[in-house]
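Coordinate analysis (summary)
Each chain, letter by letter, is given below.
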Amino acid sequence: MRDGIDQLACPLAEQGHGDTLARALPSRIALAQALGREHVDGQGQSATAVAELYSIATRLCIKLDEDGLAAVTADRALIAALAGAGALTVAEAQRMVSSSWRRQGHYARATDVVVTEAQHLAADRTAPEPQRLSVQGNLYATAAKQGDRQSAHTLIAEAQATAKRLGADQSPAGTAFFGPSQVLLHRISISHLLGDAGSAIDHARHVRTAQLPTAERRAPVLDIGLPDGSLC
């Protein structure tokens with residue numbers, strides 16, 4: 001039963017087709033919730049699966065420019081994570097909450113959410129270091145995508161330092177893809193948001209597209225620029 005819960009979110013995590021995700025998510029969420037209600041010993045796994053599925057839903061909503069729905073799904077991801085999931089799942093849900101706030105123009109609040117979570121995660125020792133660094137790095141990279149130039153550069157530098165500690169591009173044990181290449185993608189996005197077209201081009205020249213895990217992540221590099229929702 002536990003393996004069944006654990007597998008509810010994993011096959012969807014790297015799906016790039018919005019219609020496939022939109023069809024699959026409601027039934028997966030309902031099943032994860034039902035399993036948690038029926039099996040007391042599986043409530044932690046249920047909370048994790050529900051939170052991860054709602055985080056996937058949030059990323060889909062952002063890609064579809066459905067900012068109102070993204071706020072709802074991000075909130076539900078966090079509620080589920082806080083109901084019994086581990087620190088990494090809680091952190092990813094907070095990252096989705098931050099992304100939804102940023103999409104609504106609440107940059108200060110969005111930044112505070114993920115910076116605070118990154119600091120909490122730095123002190124946490126319940127997860128193996130590769131997973132913790134991957135999630136922490138993505139938190140800092142998300143925090144950097146805001147309107148303040150100085151803060152953006154400071155925060156992406158934190159993400160870069162975290163990527164250096166991680167060592168290589170990877171998705172350790174189910175965490176989101178992170179590493180030096182991912183930081184470069186975020187640098188392109190940040191330069192785009194700040195209106196620095198020249199910097200975006202310079203960063204894009206250093207990206208090795210063969211190291212990126214999906215065509216969805218490679219395509220924006222070829223276009224030398226990233227829209228705001230490309231890396232949520």
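Residues numbered from 1 in each chain as written. Predicted model: local features only at pLDDT ≥ 70, side-chain atom pairs only at ≥ 80, totals over all residues. Heavy atoms only, no water.

1. Looking at the packing of helix α8 (residues 149-166) against helix α9 (residues 180-194)
Axis separation between α8 and α9 bottoms out at 9 Å; the angle between their running directions is 170°. For the element pair α8 / α9, the angle class is roughly antiparallel. Residue-level contacts link R149, A152, H153, I156, A157, A159, Q160 and A163 of α8 to P180, V183, H186, R187, I190 and L194 of α9. Split into classes, the residues belonging to the contact of α8 with α9 amount to nine nonpolar, three polar and two charged. (Axes fitted to C-alpha atoms, helices over the stretch in contact; angles between N-to-C directions. Helix = DSSP H or I, 4+ residues; strand = E, 2+ residues; numbered from the N terminus. Parallel < 35°, antiparallel > 145°, perpendicular 65-115°, else oblique. Contact = heavy atoms within 4.5 Å. Nonpolar A, V, L, I, M, F, W, Y, C, P; charged D, E, K, R; others polar.)

2. Considerations on the pattern of salt bridges
Following the criterion strictly, the structure yields seven salt bridges and no others. Across the pair E129 and R132 runs a salt bridge whose closest N-O atoms are separated by 3.8 Å. With E129 and R132 both in helix α7 (residues 129-143), this residue pair falls three residues apart, about one helical turn. (Salt bridge = Lys/Arg side-chain N within 4 Å of Asp/Glu carboxyl O.)

3. Digging into unusual backbone geometry
Located in the positive-phi region is D65, a residue other than glycine, with phi close to 60°. Along the chain, D65 falls in the loop between α3 (43-63) and α4 (67-82). Overall, the relative accessible area of 56% leaves D65 in the exposed class. (Buried < 20%, exposed > 50% of the residue type's maximum accessible area, 1.4 Å probe, protein only.)

4. Here we look at the nonpolar core
Of all hydrophobic cores here, the largest spans 24 residues; its most connected members are L139, I156 and A159. Sorting the residues of this core by element identifies α5 (87-103), α6 (107-123), α7, α8 and α9 as the ones contributing at least two each. In this structure I156 touches A141, A144, V183, H186, R187 and I190, once residues within four positions along its chain are discounted. (Core = buried A, V, L, I, M, F, W, Y, C linked by side-chain atoms within 4.5 Å.)

5. Some thoughts on the layout of surface pockets
Here the second largest pocket defines a volume of roughly 190 Å³. Around the second largest pocket, the lining residues are Q33, G36, R37, Q43, S46, A47, V50, Y54, R76, I79, A80 and A83. When contributions to the lining of the second largest pocket are tallied by element, the ones reaching two or more residues are α2 (18-38), α3 and α4. The element that contributes the greatest number of residues to the lining of the second largest pocket is α3, accounting for five residues. (1 Å grid on protein atoms, 1.4 Å probe; cavity = no way out; pocket = protein on both sides within 12 Å on 5 of 7 lines; lining within 4 Å. Points joined across faces, edges and corners; volume = space filled by probe spheres on them.)

6. Side note on the confidence of the model for the protein
Per-residue pLDDT for the protein has a mean of 82; in total, 79% of the residues score no lower than 70. Taken element by element, the protein is modelled with least confidence in helix α1 (residues 2-6), mean pLDDT 46, and with most confidence in α4, mean pLDDT 96. Confidence over residues 1-6 falls short of pLDDT 50; this stretch has twelve contacts with residues more than four positions distant or in other chains. (pLDDT = per-residue confidence, 0-100.)

7. Some thoughts on the side chain of E92
For E92, the position within the fold is in helix α5. E92 sits in the buried class, given a relative accessible area of 15%. Once you skip the residues sitting within four places of it in the chain, E92 turns out to touch S55 and R59.

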